[in-house]
Amino acid sequence: MSTYAVHKVCQSLRWNDAFRELLRADPRSALEPFALTDEEREALLSGDVARLHDLGAHGLMLGYLATFGVLGLTSDIYAERIAKARSPI
Amino acid sequence: MRPLPRSGERGGRVVSELVAAVAVPHASHYLREVPREPQGHTAQVWRAVGAHLEAVRPDVLLMIGNDHMNTFFFDNLPLFCVGVADRTDGPHDEFGADPSYGMPQHLMPQYEVPVNADLAQHVRARGIADGFDLALTQEFSVDHSMMVPLHFLRPAMDLPIVPLWVNGVAPPLPTARRCHALGASVGRAIASWPPDARVAIVASGSISRDLGSPLGRGQRASVPDPAWAATVVRHLQRGEARRVVEEATADRLALAGNVAGELLNWIALLGAVGDRKPVLAERMGEGDASIVWRWDL
């Protein structure tokens, strides 16, 4: 089980201006080239950061979805949702 | 390097000397706090550590820090890596536009920083000979882990650095014992470096810190385990580095936050300084989780 593609989405958001704009304008198209599982894809599209964290994505990376305000996320919404994720141990 | 009196000799061979060891935090919020309160406690502590480094006249700063997926990424992720080049730059960070979260690229200059490639190669070669599988990068930028401390301690950027990265962010992390032993190897590398130079180690990190996981209970950056922070502080104040190394297990660090592996940078520094007690310990806000330490050598 790899969340590498999820991390790639977050990293591209940070550093790739064109990807960031596409993710804002047409998220499904923007995510299409990434090797995401269906579950990861739908979790991203619905901003379900708790699910993504439960799947193994790193909070350091997921947090950028909020700080860049994409996929319906703000810092407040992120905080509310991530609280529902499983604790690490 | 400036001509200096001999730092030391071993059997007639001139060698270099570890002249300072400081452990500092690197959080980007200091970039807001210090300009806002230039006479406040935090600003004073940064200045005091900078003054200490100036007083010991180092020729090189060996920086031990953890990358935050800015220099490296999951595609190619070293546990330990030495940067060998003549120069670097930073902070290479992209935090996003949320104003509630520090944006180093807007709150501090982009710096050019010289790197001492010779010491970097020597540290790596000595480490490999000691059994540490140290990765290599020769073209890199550095992130806030090293640039925030440099910004506060040596903004002139006149001293060359050697960057040594420890993975403290992406589990499985190197063990505390391994990091401590690596620090001892780095200490030996410094002591065996021919040029008769004065070397300071600046390790940046934290004891309990979380960025965006459920441990943070809603905060972007938080301190999930203040009890662990207090424990580490107590051990360090008593010069009991061994207890920090023993107790900093993977599970303990995981409870302390998803970047609590930043402690490993300080644990590496402990390996270089041995059992000496620190002579300075200042809290920098966040209770016991952000401390500045100094060892006199």
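Structure first, text after, so check above.
Rules of the game
- Residues numbered from 1 in each chain as written.
- Chains lettered and ligands numbered in written order.
- Predicted model: local features only at pLDDT ≥ 70, side-chain atom pairs only at ≥ 80, totals over all residues.
- Heavy atoms only, no water.
- Helix = DSSP H or I, 4+ residues; strand = E, 2+ residues; numbered from the N terminus.
- Buried < 20%, exposed > 50% of the residue type's maximum accessible area, 1.4 Å probe, protein only.
- Contact = heavy atoms within 4.5 Å.
- Axes fitted to C-alpha atoms, helices over the stretch in contact; angles between N-to-C directions.
- Parallel < 35°, antiparallel > 145°, perpendicular 65-115°, else oblique.
- Left-handed = near helix turned anticlockwise from the far one by under 90°.
- Nonpolar A, V, L, I, M, F, W, Y, C, P; charged D, E, K, R; others polar.
- Arc of directions from axis to C-beta.
- Salt bridge = Lys/Arg side-chain N within 4 Å of Asp/Glu carboxyl O.
- Buried area = accessible area lost by both parts, 1.4 Å probe.
- Polar contact = N/O pair within 3.5 Å; in protein donor to acceptor, adjacent residues only side chain to side chain.
- Pairing = 2+ DSSP bridges.

**Student:** Give a detailed account of the environment of alanine 43 of chain A, specifying residues and quantitative values.
**Tutor:** Residue and element names in this part refer to chain A. Along the chain, alanine 43 turns up in helix H4 (residues 38–45). A relative accessible area of 4% means that alanine 43 is categorised as buried. Sequence separation of alanine 43 and glutamate 32 is 11 residues, and the distance between their C-alpha atoms is 14 Å. Setting aside anything within four residues of it in sequence, one finds alanine 43 in contact with Asp48, Arg51 and Leu52.

**Student:** Break down the packing of helix H1 (residues 4–15) of chain A against helix H2 (residues 17–25) of chain A for me, citing the residues and quoting the values.
**Tutor:** All names here are of chain A. Contact pair H1 / H2: the axes reach a minimum separation of 6 Å and the direction vectors enclose 110 degrees. Taken together, the axis directions place H1 and H2 in an arrangement best described as roughly perpendicular. Relative to H2, the crossing made by H1 is left-handed. For the pair H1 and H2, contact is made by Val9, Ser12, Leu13, Arg14 and Trp15 and by Asp17, Phe19, Arg20 and Leu23, respectively. Residue composition of the contact of H1 with H2, by class: 5 nonpolar, 1 polar and 3 charged.

**Student:** Before we move on, can you summarise helix H7 (residues 75–82) of chain A with the specific residues and values?
**Tutor:** All names here are of chain A. Of all the positions in H7, only Tyr78, Ala79 and Ile82 are classed as buried. Buried residues along H7 cover an arc of 100 degrees about the axis, so they all sit on one side. In H7, the exposed positions that point more than 90 degrees away from the buried face belong to Asp76 and Glu80. Residues of H7 that are buried make contact with helix H5 (49–54) and helix H6 (59–67).

**Student:** Describe the pattern of salt bridges, listing the residues and the values that go with them.
**Tutor:** Any two side chains of opposite charge can pair if their charged atoms end up close together. Residues and elements named next belong to chain B. Here the structure, examined in full by the defined rule, presents 15 salt bridges over all chains. A salt bridge links glutamate 54 to arginine 154; the nearest nitrogen and oxygen atoms lie 2.9 Å apart. Here glutamate 54 is found in helix H2 (residues 41–56), whereas its partner arginine 154 is found in the loop between helix H5 (144–153) and strand S9 (161–166), with 100 residues between them in sequence. You can call glutamate 54 partly exposed: its relative accessible area is 45%. With relative accessibility at 12%, the residue arginine 154 sits in the buried group. Arginine 294 is paired through a salt bridge with aspartate 296; the nearest N and O atoms lie 3.1 Å apart. Of the residues examined, aspartate 296 reaches a relative accessible area of 38% and is grouped as partly exposed.

**Student:** Which residues make up the interface of chain A and chain B, and what values go with them?
**Tutor:** Each side of the interface is counted separately: chain A has 24 residues, and chain B has 29 residues. Taken over both partners, the interface formed by chain A and chain B buries close to 2,200 Å², and the fraction arising from carbon and sulfur atoms is 66%. On the chain A side of the contact with chain B, Leu60, Thr67 and Ile89 of chain A bury the most area, a combined 26% of that side's loss. Where chain A meets chain B, there are 0 salt bridges. Mapped onto the side of chain A that touches chain B, the elements with two or more residues apiece are H1, H6 and H7 of chain A. In terms of residue class, the side of chain A that touches chain B is made up of 12 nonpolar, 9 polar and 3 charged.

**Student:** Outline the environment of asparagine 265 of chain B, supporting the account with residue identities and numerical values.
**Tutor:** All names here are of chain B. Mapped onto the secondary structure, asparagine 265 falls in helix H10 (residues 263–273). Counting along the chain gives 135 residues from asparagine 265 to aspartate 130, while the straight-line C-alpha distance between them is 19 Å. From its side chain, asparagine 265 meets the backbone oxygen of serine 204 in a polar contact 2.8 Å long.

**Student:** Before we move on, could you go through the sheet that holds strand S5 (residues 80–83) of chain B and cite the residues and values that matter?
**Tutor:** Residues and elements named next belong to chain B. Across the sheet, which stays open at both edges, the 8 strands sit in the order S8-S5-S9-S4-S10-S3-S14-S13 with mixed pairing between neighbours. Only two strands of the sheet have a single partner each, and these edge strands are strand S8 (135–137) and strand S13 (280–283). Going across the sheet, the axis of each strand differs from the next one's by a mean of 20 degrees, ignoring polarity. In this structure, S5 lies alongside S8, joined through 3 bridges in parallel fashion. When the bridges of S8 are listed, valine 82 appears paired with leucine 136. Of the strands in this sheet, strand S3 (17–24), strand S4 (60–65), S9 and strand S10 (198–204) touch H5, which is tilted by about 140 degrees from S4.

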